[in-house]
Amino acid sequence: MTEPESTMNALVSPEGSLEILSNFEVNRLKDRSEGGLYRLFRQCALAVLNTGIELDDCKELLEIHADFDVRLVPQPRGLKLELINAPGHAFVDGEMLRAMREHLFSVLRDIVYTHSLPGSVAGFRKDDPEDLTNLVFHILRNARVLQAGRQPDLVVCWGGHSISHDEYQYSKDVGHQLGLRALSICTGCGPGAMKGPMKGATIGHAKQRVKNGRYIGITEPGIIGAEAPNPIVNELVIMPDIEKRLEAFVRCGHGVIVFPGGVGTAEEILYLLGILLHPDNADLPFPVVFTGRQENAEYFEMIDKFIRNALGDEAASKYEIIIDDPVRVAQTMKDGMKEVETFRRAMQDAYYFNWMLKIDPVFQLPFEPDHDNMRALELHREQPAHLIAANLRKAFSGIVAGNVKESGIRQIQQKGPFEIAGDPTLIKPLEAMLEQFVAQNRMKLPGSAAYRPCYRIVSGAA
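Residues numbered from 1 in each chain as written. Predicted model: local features only at pLDDT ≥ 70, side-chain atom pairs only at ≥ 80, totals over all residues. Heavy atoms only, no water.

Going by what an unreviewed UniProt entry lists, the protein is known as AMP nucleosidase and is assigned to Marinobacter fuscus. The Catalytic activity (unreviewed entry) comment attached to the protein in UniProt states, word for word, "AMP + H2O = D-ribose 5-phosphate + adenine". (UniProt positions renumbered as here; feature names shortened; annotations may be inferred.)

Participant: For this particular structure, what's the right way to read the overall build of the protein?
Facilitator: A tally of regular secondary structure across the protein gives 17 helices and 14 strands. The C-alpha atoms of the protein give 21 Å as radius of gyration, which agrees with the globular expectation for 462 residues (23 Å, within 12%). With the C-alpha coordinates aligned to their principal axes, the bounding extent of the protein is approximately 60 × 55 × 50 Å. Relative to its 462 residues, the protein shows a buried fraction of 59%. (Helix = DSSP H or I, 4+ residues; strand = E, 2+ residues; numbered from the N terminus. Rg over C-alpha atoms; globule rule 2.2 N^0.38 Å. Buried < 20%, exposed > 50% of the residue type's maximum accessible area, 1.4 Å probe, protein only.)

Participant: Please explain the domain arrangement of the protein as it appears in this structure.
Facilitator: By convention, interface size is frequently given as the accessible area that disappears when the constituent parts associate. Split into domains, the protein comes out as domain 1 (7-120) and domain 2 (128-461). Look at where the C-alpha atoms of domain 1 and domain 2 centre, and you get two points 27 Å apart. (Domains from an automatic or database assignment.)

Participant: Even after reading the chapter, I still don't get the pairing of strand E7 (residues 184-187), so can you show me in this structure?
Facilitator: Each regular strand shows side chains that alternate between the opposite faces of the sheet. Alternating residues of E7 divide into Ser184 and Cys186 and Ile185 and Thr187, and every residue in both groups is buried. In terms of strand pairing, strand E6 (residues 154-158) meets E7 through four bridges, oriented parallel. Paired with valine 156 across the strands is cysteine 186, a residue of E7. The parallel pair E6 and E7, bridged by helix H6 (residues 165-180), forms a crossover whose chirality is right-handed. (Pairing = 2+ DSSP bridges. Right-handed = clockwise from strand over helix to strand, strands pointing away.)

Participant: What's the story with the sheet that holds strand E8 (residues 215-219) in this structure? I'm lost.
Facilitator: Two pairing modes exist for strands in a sheet, parallel and antiparallel, and in both the strands are linked by backbone hydrogen bonds. Spatially, E9-E8-E7-E6-E10-E11-E12 is the arrangement adopted by the seven strands of the open sheet, whose pairing is parallel. The open sheet has two edge strands with one neighbour each: strand E9 (235-238) and strand E12 (320-323). Strand-to-strand twist across the sheet, computed as the mean angle between neighbouring axes with direction ignored, equals 25 degrees. Across the face of the sheet, helix H9 (residues 242-252) comes into contact with E6, E7 and E8 while running at roughly 150 degrees to E8. (Axes fitted to C-alpha atoms, helices over the stretch in contact; angles between N-to-C directions. Contact = heavy atoms within 4.5 Å.)

Structure, rendered in structure tokens:
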């Protein structure tokens with residue numbers, strides 16, 4: 001286990017987000033019972049205070065900082081947070097870094113809002129597609145991510161947190177080219193391929209004197225401990241779960257770039273393609289580019305082959321693969337933004353939120369990765385392609401949980417690896433791709449402990 005570092009106690013004032021809470025909200029945040037929010041808030045707060053630390057095990061992070069505590073201190077003019085044994089690297093000369101202070105209060109804002117909104121909306125149903133989309137909209141609006149009057153310019157970048165230095169440099173080069181074209185960046189907010197495009201875009205924006213460049217990070221409580229927000233993120237949003245996080249990406253983003261990654265990236269790809277395969281989305285412009293260095297050509301050949309086998313050639317028509325050409329990637333995205341703008345204007349749809357995008361409820365309802373649910377996944381071909389994508393997405397989501405999320409890690413420790421079964425024509429390519437991810441060190445951060453298998457492929461259909 002990693003050795004604990006120096007810690008500090010501090011009283012922190014709000015920075016940019018939330019300054020006032022009701023007594024009810026304060027009591028819920030203090031509540032340490034199962035229904036309270038204290039444990040969730042503490043975990044997310046600790047994660048944002050560990051920005052820059054290469055540790056992708058949420059359970060280990062909590063164990064290292066077992067004596068960390070966060071308390072709410074009501075003030076006549078608002079609210080402050082008292083931090084006990086906070087990581088020392090979050091401070092400079094005794095003062096907390098402003099970015100971390102912003103992120104800390106973004107966590108507070110989103111946790112409070114997310115857990116108060118459903119109860120305050122009459123008739124809200126957790127299994128209703130429209131209600132779930134409205135919840136995503138309201139969380140993003142409350143976080144001020146949705147900006148009226150701004151033309152489409154938000155490029156969502158997906159890719160692994162565990163990438164090589166050269167792969168990171170390439171993602172930065174792509175981000176630089178995007179920034180030169182005044183495009184903004186939205187990622188999962190962590191390190192690796194999530195940080196590289198943002199860092200490159202800051203330089204591109206500086207050269208073009210872009211003053212309002214956006215670096216949006218969208219995460220969720222289960223993953224934030226494994227992928228703490230990188231320092232460049234200037235708009236942090238914590239969605240309630242992975243499904244709403246993924247919907248937030250495609251609702252507020254105007255195009256997607258995918259860099260090399262592991263199971264989390266594969267989950268994102270399958271989610272996106274499953275949505276774009278819906279007949280109602282056939283004519284909806286949504287530029288998607290898979291890109292990497294020349295050394296990554298085989299990686300994307302593997303991904304392309306897996307997609308064509310599982311979902312068919314129509315799924316492969318939804319994306320373009322561009323190898324070792326950051327300029328062309330950025331130009332493709334810029335052209336795609338123009339198509340999105342033209343379409344949205346013609347259809348009188350908002351630039352800031354993709355209301356017309358049809359998302360099947362199977363992609364919206366939260367999937368709880370446990371041993372029974374993983375074993376029961378319907379990984380067979382007797383279903384539409386978008387449902388195959390949905391079930392494969394759940395398989396990857398379960399592996400992510402077993403690898404880096406606290407609840408998933410505990411389940412694996414108690415009951416052993418998740419079992420995955422299904423049609424051999426789907427399962428065998430899945431197993432082969434997972435083996436390649438492990439061989440390429442895409443399951444763990446460079447320099448961290450060896451990969452712990454959290455899944456087992458078993459013969460026979462589920």
